[in-house]
Amino acid sequence: MSGAEEREPGGGGPAAAAAASASSSGAASSSAALGEAAGPAAAAGPEEPGLLLGGARPHAEPAADPDAPPKKRLKAAGAGGAEGAAGSVKLEERLYSVLCCTVCLDLPKASVYQCTNGHLMCAGCFIHLLADARLKEEQATCPNCRCEISKSLCCRNLAVEKAVSELPSECGFCMRQFPRSLLERHQKEECQDRVTQCKYKRIGCPWQGPYHELTVHETECTHPTKTGNELMEILDEMDQTHKKEMQLYNSIFSLLSFEKIGYTEVQFRPYRTDDFITRLYYETPRFTVLNQTWVLKARVNDSERNPNLSCKRTLSFQLILKSKVSSPMECSFLLLKGPYDDVKINPVIYHFVFTNENNETEYVPLPIIDSVECNKLLAAKNINLRLFIFQIQK
């Protein structure tokens, strides 16, 4: 029984029934059309709380980006659900899902790169993608649209970098919000809750605490009242660390006074073998230093079978003498970063006596600071370093 028949059970006749039927079918079709346009919520009718005339919600949910990765689509869907429940979402939260890296889904802290279709990647993820592709001997691709990416094909997005720097971020110490461009300075110099150390750390005080408690602690610190013998034990341990650093620099200065010193720029080029196609190796062309011919070889993670499956990345290298020598040749050598590279390498001096029978050193670690710096080298087509060789004459 229709609503019209319930209201007027005795009147209207066939014409009224037909009109009621037409009105009912028209309303149904209109409701269906609105249901298609605005979703199931619109079909519930205008009497449902929280709906406007015509069944539309006050804030329509944006359509999900079909190119976005699954995690980002889930995050956007969650934000849309929260918007429907709370009525609105802050602009910063909406911008977060728009400006975040498509790989790690976090806001970039430094440079932002984009593929040819405009998908964003933070610098760390971008370099990691290039390094992984190099290890697997594949072309690196954007995780969203699968277009090719490389240092020449991708460019930085300065507008996104500036927009991210203005978004508010929470201080990890005092929980107040600041623009990202000011957050680092606040956390290092201004925050009263930042973690700091006692000024008597130099004589062994281990205290760490919030900055606003520093004055009280230093007033009550017991280290200034320690006896000389107690302080000497602490200072001896600190001297050992300092002594090792000084030995390294003194060794370098001593090597610079040698008569025969040679250096050159070397370029490692990647290659693979038929036997170990899953492993990536590097080798330099032959070069001449100290009137001798040399070659450098390098390998990733000490020839681990699948280094692309490991988060830890290391490089080790080997120096090989290719020419013949009339007598043993004792040398010291070290590798440093090239003139135009920004990779961080700690200097380490290695020693070896080269002969015609023993002309290859063992693989020794390239002293890169961490895996992030190693990925910078692996992401490049070639690795450019500077080699120093010092011939020891007795």
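Being a predicted model, the structure only gives us computed values, none of them experimental.

## Concerning the confidence of the model for the protein
Turning to step 1, where the next piece is worked out: On average, residues of the protein carry a pLDDT of 76, and 74% of them reach 70 or more.
Turning to step 2, where the next piece is worked out: Counting contacts from residues 1-62, a segment whose pLDDT is below 50, to residues more than four positions away or on other chains yields 24 contacts.
Turning to step 3, where the next piece is worked out: Taken as a whole, residues 82-87 scores under 50 in pLDDT and shows seven contacts with residues more than four places along the chain or in a different chain.

## Description of a negative patch on the surface
Turning to step 1, where the next piece is worked out: Negative charge collects at one region of the surface, where Glu 230, Glu 233, Asp 236, Glu 237 and Asp 239 lie side by side.
Turning to step 2, where the next piece is worked out: Its place among the elements puts Glu 230 in helix H9 (residues 228-255).

## Considering unusual backbone geometry
Turning to step 1, where the next piece is worked out: For Leu 290, which is not glycine, the phi torsion reads 55° and is therefore positive.
Turning to step 2, where the next piece is worked out: Its relative accessible area of 18% is what places Leu 290 among the buried residues.
Turning to step 3, where the next piece is worked out: Even without being glycine, Asn 291 reaches a positive phi, approximately 65°.
Turning to step 4, where the next piece is worked out: With respect to the helices and strands, the residue Asn 291 is situated in the loop between strand E10 (287-289) and strand E11 (292-300).

## So, helix H6 (residues 158-166)
Turning to step 1, where the next piece is worked out: For H6, the complete set of buried residues consists of Val 160, Glu 161 and Val 164. All buried residues of H6 fall inside an arc of 100° around its axis, so they share one side. Opposite the buried face of H6, at more than 90 degrees from it, the exposed residues are Ala 159, Lys 162 and Glu 166.
Turning to step 2, where the next piece is worked out: Buried positions along H6 lie against helix H4 (91-99), strand E1 (112-114), strand E2 (120-122), strand E3 (155-156) and helix H7 (180-190).
Turning to step 3, where the next piece is worked out: The residue sitting at the N-terminus of H6 and contributing the capping side-chain oxygen is Asn 157; that oxygen lies 3.3 Å from the backbone nitrogen of Ala 159.

## Describing the packing of aromatic side chains
Turning to step 1, where the next piece is worked out: Applying the stated criterion across every chain yields a total of nine aromatic pairs.
Turning to step 2, where the next piece is worked out: Where Phe 317 meets Tyr 350, the ring centres are 5.9 Å apart and the plane angle is 75°; that geometry is what we call edge-to-face. Of the two residues, Phe 317 sits in strand E12 (residues 315-321) while Tyr 350 sits in strand E14 (residues 350-354), which places them 33 residues apart along the sequence.
Turning to step 3, where the next piece is worked out: Given the relative accessible area of 2%, Phe 317 is considered buried.
Turning to step 4, where the next piece is worked out: Here Phe 388 and Phe 390 contribute two aromatic rings whose centre-to-centre distance is 6.3 Å and whose plane-to-plane angle is 10°, an arrangement assigned as stacked. Across this residue pair, the class does not change: Phe 388 and Phe 390 are buried.
Turning to step 5, where the next piece is worked out: Taken together, the aromatic side chains of Tyr 263, Phe 388 and Phe 390 make up a single cluster linked through ring pairs.
Turning to step 6, where the next piece is worked out: The lysine or arginine in question, Arg 194, covers the ring of Tyr 211, its NZ or CZ lying 4.0 Å from the ring centre.
Turning to step 7, where the next piece is worked out: Its guanidinium or amino end placed over the ring of Tyr 363, Arg 299 lies 3.9 Å from that ring's centre, counting from NZ or CZ.

Here is what the cut-offs are and how they apply
- Residue indices follow the written sequence of each chain, beginning from 1 at its first position.
- Given that the model is predicted, a residue must reach a pLDDT of at least 70 before its local features are reported, and side-chain atom pairs must reach 80 or more before they are shown or counted; all residues, however, enter totals for whole chains, interfaces and linings.
- As a rule here, side-chain values cover all heavy atoms of the structure and leave hydrogens and water aside.
- One number per residue, pLDDT, summarises how confident the predictor is, and it ranges from 0 to 100.
- The contact rule is simple, with two residues in contact once any of their heavy atoms fall within 4.5 Å.
- Each patch is built from residues that are more than 30% exposed by relative accessible area and take part in no salt bridge. Like charges join if they lie within 9 Å; nonpolar side chains (Val, Leu, Ile, Met, Phe, Trp, Tyr) join within 5 Å.
- For accessible areas, the Shrake-Rupley method is used with a probe of radius 1.4 Å. Any residue's cover is judged against the shown protein chains and nothing else.
- Throughout this description, the term salt bridge denotes a Lys or Arg side-chain nitrogen within 4 Å of a carboxyl oxygen of Asp or Glu.
- Charge counting treats Lys and Arg as positive and Asp and Glu as negative, with His and both chain ends excluded.
- Positions of charges follow a simple convention, taking NZ of Lys, CZ of Arg, CG of Asp or CD of Glu.
- Comment: elements are numbered from the N terminus, with helices defined as DSSP H or I runs of at least four residues and strands as E runs of at least two.
- Note on classification: 1.4 Å probe, protein chains only; a residue is buried when its accessible area is under 20% of the maximum for its type, exposed when over 50%, partly exposed between these limits.
- To be clear, the arc concerns the directions from the helix axis to the C-beta atoms.
- Identification of polar contacts relies on pairs of N or O atoms within 3.5 Å, with a donor-acceptor requirement for protein atoms, meaning one able to donate a hydrogen and the other able to accept it, and with residues adjacent in sequence counted only if both atoms are side-chain atoms.
- Put simply, two rings from Phe, Tyr or Trp (the six-membered ring, in Trp's case) pair if the centres are within 6.5 Å, and we call them stacked under 30 degrees between planes, edge-to-face over 60, tilted for the rest.
- In our convention, an over-ring charge means Lys NZ or Arg CZ found within 6 Å of a ring centre and within 35 degrees of that ring's normal.

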